[in-house]
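Architecture at a glance
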Amino acid sequence: MADPKYAAYVCKGCGIGERIDADQSAKIAEKEGKIALVRQHEFLCNAEGVALIRSDIEKEGVTHVAIAACSRRAKTEAFEFPGVALARANLREGVIWVRPDTAEARETTQEMADDYVRMACAELKKMKVPAGNPETGRSKRILVVGGGVSGLTAAVEARNTGYEVVLVEKQAQLGGWAAKLWKRIPEREPHAAPVDTGVQALIDAVTQDAGIRVYTNATLAQTSGAPGRFKASIAVESGSTATEEVGAIVQATGFSLYDMNRLPELGAGKSPNVMDQAGLESLARKAAPKGLPIRRPSDGGEVKRVVFVQCAGQRDDTGKHLPYCSGYCCNTSIKQAMYFKDANPAVDTVVIYTDLRVPGNGEDFYRSAQKKGVTFTKGSVTGVEASGDTCRVSFRDLILDEDASIEAADLVVLATGQVANAGVDIDNPQATDANGTKPISILNLDYRQGKDLPKLSHGFADSHFICFPYETRRTGIYAAGPVRRPMDIAQAKEDATGAVLKAIQAAENAELGRAAHPRSGDLSFPIVQLEGCTQCKRCTVECPFGAIDEDEKTYPVFNESRCRRCGTCMGACPVRVISFENYSVDSVGAQIKAVDIPDEFSEKPRILVLACENDAYPALDMAGMQRNHYSAFVRVIPVRCLGSVNTSWIIDALNGGYDGVMMMGCKHGDDYQCHFVKGSELANSRMSKISETLKTMALETERVATYEVAITDIKRLPVLIGDYAKVIEKIGLSPMKGFA
Amino acid sequence: MGAPGEFNLAALARYGNDFLAEVEERVEEGEWVKMCMQCGVCAGSCPFGPDWEHSPQKIFMMIRAGKRDEVLASDSMWMCTSCYNCVVRCPRKLPITQIMHGLAAYAHRLGLAPKMQPTRRWSLLFWDNCTKTGRVNELKLTLGLYFMDGIVAGFKQAWTLRNIGLGMLLAKRLNPFELIRGHECKDKAGIHRMLKKAAEIEARKRGFAKP
Ligand code: SF4
Ligand code: SF4
Ligand code: SF4
Ligand code: SF4
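The residue numbers shown here count from 1 along each chain, following its written sequence. Just so you know, chain letters begin at A and ligand numbers begin at 1, following the order they were written in. Predicted model: local features are reported for residues with pLDDT of at least 70 only, side-chain atom pairs are reported and counted for 80 or more only, and whole-chain, interface and lining totals are derived from all residues. Calculated side-chain values reflect all of the structure's heavy atoms, with hydrogen atoms and water omitted.

**A short note on the overall build of chain B**
For chain B, the helix and strand inventory stands at 11 helices and 0 strands. Across its three principal directions, the C-alpha atoms of chain B cover 60 × 40 × 30 Å. The buried share of chain B, taken over its 211 residues, is 38%. We call two residues in contact whenever any of their non-hydrogen atoms come within 4.5 Å of each other. Residue pairs at least 24 apart in sequence account for 61% of intrachain contacts in chain B once pairs closer than 6 positions are excluded. When the accessible surface of chain B is summed, it comes to about 12100 Å², and 60% of that surface belongs to carbon and sulfur atoms. Positive charges come from Lys and Arg alone, negative charges from Asp and Glu alone, with His and the N- and C-terminal ends not counted. Lysine's charge is taken at NZ, arginine's at CZ, aspartate's at CG and glutamate's at CD. A gap of 5 Å separates the mean positions of the 31 positive and 21 negative side-chain charges of chain B. The numbering of helices and of strands both runs from the N terminus, where a helix is a DSSP run of H or I of at least 4 residues and a strand a run of E of at least 2. Accessible area is worked out with a 1.4 Å probe on protein chains only. A residue is then buried under 20% of its type maximum, exposed over 50%, and partly exposed in between. Only the protein chains shown count as covering a residue, and every accessible area follows the Shrake-Rupley method with a 1.4 Å probe.

Pasting the structure below:
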């Protein structure tokens, strides 16, 4: 590239010109920012303003542009200049809109604006235009792992969108659990009766499509590579291995039923007349197609009374069984009770539940069962005893508040739950699942971090639950169906459709060398200066997405296509050798240093705010849009993720005389909202260790504070800032001023 | 009064559908009982809730649990004041008030209702009073109510309310001669025929023995 040429533009529109002295800001850009070309404009985002910038780029050879105007989140289309590095000083949402328009506020408001101009100029100097990830792959085929309803749906949807599919199924037949059902819960009006599973139609669609290559009796012996160029070694029945190149993967490996033999107190194993829901489906599949009634397995006797025990081994708080609700089994019992009632209304069917949970349109289905005479009883079952060919079901009636029992039940059906087939626990490969079995790997990834998808809780594959449900922590691999949370067929189909579309996007982005969600389209990628690397392995361990492998000398090997560009590795690196072309330890560090720090007698503290650009920064902008005022002492720098915050920034800021640092990131924990899953959590644990450093600097621990912030905290953020400013006032200004 | 001949009371299985089926067939709006989802809104809405032994919610559950004797001998449904709070609020739109009265009437028909339950006694008083002449004789009805629990109680009650009575007399809202010769409706026999017909229809619909 030619020599860089810098230009800065100060906008006076949207009231900026009235509230701040644009001449002064322009002068600062020129003198302190050392920007050769500085211009002011009345209304920079209009056609004329944009044309001015364009012409400077074309005629003056400007390569780097700083715009002091509105937030970087506003006017992104007007201020888009391909091939040009761009920094934005947020004078509108970040300054004039959050400050009162009074004479006494004028001075501090101007200082705020001047600092943001300094920061933008400093950042600009450290930026390069990202050239794009060279490590691209061209394959657009989608590998679907699992041939149940989720996998079949994913395959069909991929084909409907025009993409080829490779489908791997462990069993000899396609169809999964759904193929073992007699009927399924209705998904359309009037939600009144069980309906055909539709699974045969799905199987036919898949097997008759030349664009789908199906491997049954097959498993993945190894998966390697990255989005756009995954290599899957498929072990087939004959013992040989087939290799397929694919662009992205949908893991739809479903669930195993919680083993009812773990529930002897509910009669499991005591009588063949006690069964799980799968057991009843198989009885129904044998009898119903011939028009015969379901009979008692023990003696073939007539069934007059059936009891359904909900939450069998589920929602358990003793720690012995599944602690969660599988969400499908109430509707399933309702459906199964209808198998009997529809055939013969004289059969008594009792559903004993503690809470009937019927997602979707299940309420209508429930009502339909009530109309058909299924008895629903709120109770908790304490025991099932078999005697002869019938059972006695004892329970606590929770409405009548008394112990009760049902005698002479011919069948007892236990509503057991779903245990995810999510492969091995990579953090603890020896761990067994809820059924006590030691899982075998499904994907057999050759990644440094382990063979399967990381799990979140209860053995389900981690997926971004709140915002991006199919996104796992392995880029280009999407979880769909009960492998990521318990669900029914209708939900699994929706899941599979969503996941496969994300997989297609990932493959498309990979070819263009761009990031996948949530920075989709980003062309930057982490660049490591291996000369400085101390092989500490922090980046390889902390990367939430398993993007970094190791070479034989234990140096990190970045797989750019597996990277989400969160910057967590950059935040982790103790020797600061990881950076992005447009976002680096330097580009943020320079902004921190650019701020003018008043001396300790000024009574003007400076508080650095490092705000997650996904939630906290937009929330701050929105606070501005609503004119919620906050302190003029803060200087906000958006960061890609709190995980990208390198401790050196904090130390430099404090050394440089800042009085406090507020870090604003997303919620972490099991119900995290962090867009990069682990970023905010890692930042938090790094910051928990910073108090030691503060002590050695003889600084109060209050000088660094971490906050969990949601995008909706528009009113809360100004309050948080105000409270923190008070804390700083209380502990006093930093003694470090003037030493930098 | 017909006994439910075809219901096998001896073999009432708990949580079976037998009693529910009986209620569906024999009790006004009884077919709604199975639709209750046990949310408890009715129990929380009833202004007399705390005074009932069994809330409507529980009554419905008891029916489904097959507790025939407890339900029919209960005085709970006699406590309903027809305020309709529960009906307005029930998310499943059960006509709870009507079912309460239906259950009370059915229990009474079977002779299982608690004999001394005041609402039951008052209802009988009212029914006799009004069907005899086709018109309510308010004076007789009031006195009947006062003396329901014996002579002494009756005089006490009358004495307590004497000023109201006097006021009504002066305002010509009370005619003492009604005691001797109350007025009747024009076609008393017609009213009686109509009531007989209605009883026949009800018996036919609900499977009771012919009245
Ligand atoms: S769906 Fe129903 S049966 Fe299944 S765990 Fe949840 S509440 Fe229990
Ligand atoms: S930590 Fe983030 S930026 Fe670094 S390699 Fe992993 S995904 Fe990419
Ligand atoms: S804290 Fe979360 S949302 Fe915020 S930048 Fe980090 S990952 Fe993102
Ligand atoms: S309000 Fe309706 S549904 Fe709820 S308990 Fe009462 S009768 Fe049942």
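The rest of the description comes next.
**A word on the site of ligand 4**
Residue and element names in this part refer to chain B. Inspection of the region around ligand 4 gives 13 residues, with Cys-36, Cys-39, Gly-40, Cys-42 and Cys-90 positioned closest. Those elements that place two or more of their residues in the shell around ligand 4 are α2 (41-45) and α3 (56-64). Polarity classes work like this: nonpolar for Ala, Val, Leu, Ile, Met, Phe, Trp, Tyr, Cys and Pro, charged for Asp, Glu, Lys and Arg, and polar for all others, with Gly in that last group. When grouped by side-chain class, the residues that make up the shell around ligand 4 number 10 nonpolar, 3 polar and no charged. Only a single heavy atom is needed: when it lies within 4 Å of a molecule or strand, its residue is near that molecule or strand.

**Describing the interface of chain A and chain B**
Quite often, the size of an interface is put as the accessible area lost when its parts meet. In this complex, chain A contributes 22 residues to the contact, which on the side of chain B involves 18 residues. In terms of surface lost to chain B, no three residues of chain A exceed A:Gln370, A:Ile399 and A:Leu400, which account for 32% of the buried area on that side. Note on definitions: salt bridges are taken to be side-chain nitrogens of Lys or Arg within 4 Å of carboxyl oxygens of Asp or Glu. There are 3 salt bridges connecting chain A and chain B. Of the charged contacts, one joins B:Lys67 and A:Glu402 as a salt bridge, the two residues approaching to 2.5 Å between their closest N and O atoms. Two N or O atoms count as a polar contact when they lie within 3.5 Å, although within protein this holds only if one can serve as hydrogen donor and the other as acceptor, and sequence-adjacent residues are included solely when both atoms are side-chain atoms. Summed over the shared surface of chain A and chain B, the result is 11 residue pairs in polar contact (both at pLDDT 80 or more). By buried area we mean the combined loss of accessible area, with a 1.4 Å probe, across both parts when two parts are placed together.

**Structural notes on helix α7 (residues 118-133) of chain B**
Residue and element names in this part refer to chain B. For α7, spanning 16 residues, the distance from its first C-alpha to its last is 24 Å, which sits close to the expected 22 Å at 1.5 Å a residue. Along α7, the residues classified as buried are Arg-120, Arg-121, Asn-129, Cys-130, Thr-131 and Thr-133. Tucked into the core, α7 has its buried residues touching α6 (96-109), α8 (138-146) and α11 (188-206). The N-terminus of α7 is capped by Gln-117, whose side-chain oxygen sits 2.7 Å from the backbone nitrogen of Thr-119. A positive backbone phi angle near 80° is found at Gly-134, which sits one or two residues after α7. To estimate the expected span of a helix, subtract one from its residue number and multiply by 1.5 Å.

**What to know about empty space enclosed by the protein**
All names here are of chain A. Cavities and pockets were defined on a 1 Å grid built over protein atoms only: a cavity is a set of grid points that admits a 1.4 Å probe from which the probe cannot escape, a pocket is an open set flanked by protein on both sides within 12 Å along at least five of seven lines, and lining residues are those with an atom within 4 Å of any such point. Grid points are joined across faces, edges and corners, and a volume is the space filled by probe spheres set on the points. Enumeration over the complete set of coordinates arrives at 10 cavities of 30 Å³ or more. In this structure, the largest cavity encloses a volume near 110 Å³. If you trace the largest cavity, you find 17 residues lining it, with Cys-533, Cys-536, Lys-537, Cys-539 and Pro-556 closest to the centre. The biggest single contributor to the lining of the largest cavity is helix α11 (residues 538-542), with 3 residues. Taken together, the residues that form the lining of the largest cavity break down as 10 nonpolar, 4 polar and 3 charged. Here the second largest cavity defines a volume of roughly 80 Å³.

**Concerning the sheet that holds strand β3 (residues 64-69) of chain A**
All names here are of chain A. The 4 strands are arranged β2-β1-β3-β4 in an open sheet whose pairing can be described as parallel. Looking at strand neighbours, the two that pair on one side only are β2 (37-41) and β4 (85-90), the edges of this open sheet. Neighbour-to-neighbour, the strand axes of the sheet open up by a mean angle of 15°, direction not taken into account. As paired elements, β3 and β4 share 6 bridges and run parallel to each other. Residue pairing across strands places His-64 opposite Ala-85, the latter belonging to β4. Every axis in this analysis is a line fitted to C-alpha atoms, fitted for helices over the stretch in contact. Angles between the N-to-C directions lie between 0 and 180 degrees. Against the sheet, helix α2 (residues 22-31) contacts β1 (6-11) and β2, and its axis sits at roughly 165° relative to β2. When DSSP finds two or more bridges between two strands, those strands count as paired.

**What to know about the domain arrangement of chain A**
Residues and elements named next belong to chain A. Where each domain begins and ends follows an automated or database-derived domain assignment. On domain assignment, one finds that chain A holds domain 1 (1-129), domain 2 (142-254 + 420-512), domain 3 (259-416), domain 4 (527-563) and domain 5 (597-740). Domain 1 and domain 5 are separated by 24 Å when their C-alpha centres are compared. Taken together, the contact pairs 17 residues of domain 1 with 20 residues of domain 5. Summed over both sides, the interface of domain 1 with domain 5 buries roughly 1700 Å², with 53% coming from carbon and sulfur. Where Glu-111 meets Lys-604, a salt bridge forms, and the shortest distance between an N and an O atom there is 2.6 Å. Inspection of the domain 1/domain 5 interface yields 11 residue pairs in polar contact (both at pLDDT 80 or more). Sorting elements by how many residues they give to the side of domain 1 that touches domain 5 places helix α4 (residues 106-125) first, with 7 residues.

**A look at the packing of aromatic side chains**
Centre distance and the angle of the planes are the two values used to describe a pair of aromatic rings. Residues and elements named next belong to chain A. Two rings from Phe, Tyr or Trp (for Trp, the six-membered ring) form a pair when their centres are within 6.5 Å of each other. A pair whose planes differ by under 30 degrees is stacked, one over 60 is edge-to-face, and the rest are tilted. Scanning all chains against the criterion turns up 11 aromatic pairs over all chains. With a centroid separation of 4.8 Å and 70° between ring planes, the pair formed by Tyr-366 and Phe-376 is classed as edge-to-face. Here Phe-376 lies in strand β16 (residues 375-387) and Tyr-366 lies in helix α9 (residues 362-371), a separation of 10 residues in the sequence. Geometrically, the ring pair formed by Phe-580 and Tyr-583 is tilted, given 6.3 Å between the ring centres and 45° between the ring planes. Phe-580 sits in the buried class, given a relative accessible area of 2%. Among the aromatic side chains, those forming a connected cluster through ring pairs are Trp-177, Phe-255 and Tyr-328. Here, over-ring charges are defined by two tests on the NZ atom of lysine or the CZ atom of arginine: distance to the ring centre within 6 Å, and angle to the ring normal within 35 degrees. One cation-aromatic arrangement involves Lys-180 over Trp-177; the distance from NZ or CZ to the ring centre is 4.7 Å. Positioned over the ring face of Phe-580 is Arg-640, at 4.3 Å from the centre of the ring.

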